[in-house]
Amino acid sequence: MLHTVLRVADRHQVYLLYIEINAGFYTGPGLYYLPAWQYGLGTSDVPKVAVLQSSTGTFWESVAGVVNVTGDDGRSGTVNAILQASSVGVQASNGHTVVPGPTLSVDGPFACP
């Protein structure tokens, strides 16, 4: 299982980046595709990437993309994801709560200490 939360901050805002690949999917280094969510974080259904925008409380859920885990320990790799704002948030998210509209792209490397 890969479950990580990375804190990203600038002078005005804090963002939390979630990467979650639960035990039913995680098999070690490799590609993990990101379909639309069925259930919220912490539920063993599909690989997920999310961003919580602290200043507005907006929670963005992955609807497409891929996580490439490259480190043997599963703690590094790259993420390339398209996210849409959730209408409900992290606890009540499911495939029917993603609001069509603006998207957010997350693209780049990640590494956990």
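Refer to the preceding data block for the structure.
Conventions and cut-offs
- Residues numbered from 1 in each chain as written.
- Predicted model: local features only at pLDDT ≥ 70, side-chain atom pairs only at ≥ 80, totals over all residues.
- Heavy atoms only, no water.
- Phe/Tyr/Trp six-rings, centres within 6.5 Å; stacked < 30°, edge-to-face > 60°.
- Buried < 20%, exposed > 50% of the residue type's maximum accessible area, 1.4 Å probe, protein only.
- Helix = DSSP H or I, 4+ residues; strand = E, 2+ residues; numbered from the N terminus.
- Salt bridge = Lys/Arg side-chain N within 4 Å of Asp/Glu carboxyl O.

*Asks:* Can you help me understand the packing of aromatic side chains in this one?
*Replies:* Geometry of an aromatic ring pair is reported as the spacing of the ring centres plus the angle between the planes. Under the definition given, this model contains 3 aromatic pairs. Aromatic pair Y26 and Y32: ring centres 5.7 Å apart, planes at 15°, arrangement stacked. The residues Y26 and Y32 share a single accessibility class, namely buried. Seen in terms of ring centroids, W37 and F59 are 5.9 Å apart; in terms of plane orientation they differ by 75°. Their pairing is edge-to-face.

*Asks:* Looking at this structure, I do not really get the environment of G42. What am I missing?
*Replies:* With respect to the helices, strands and loops of the structure, G42 is situated in the loop between β3 (30–33) and β4 (48–53). In sequence terms G42 and N22 are 20 residues apart; their C-alpha atoms lie 7.9 Å from each other.

*Asks:* Explain the pattern of salt bridges to me, please; I cannot follow it from the model alone.
*Replies:* Side-chain pairs of opposite charge can arise whenever the charged atoms involved come near each other. Per the counting criterion, the structure on display carries 2 salt bridges. A salt bridge links E20 to K48; the nearest nitrogen and oxygen atoms lie 3.8 Å apart. Of this pair, E20 sits in strand β2 (residues 14–21) while K48 sits in strand β4, and the two are 28 residues apart along the sequence. The same class applies to E20 as to K48, namely buried. Between D45 and K48 there is a salt bridge, with its nearest N and O atoms 2.5 Å apart. In this structure, D45 and K48 share a single accessibility class: buried. Several salt bridges share partner residues, and in doing so they unite E20, D45 and K48 into one network.

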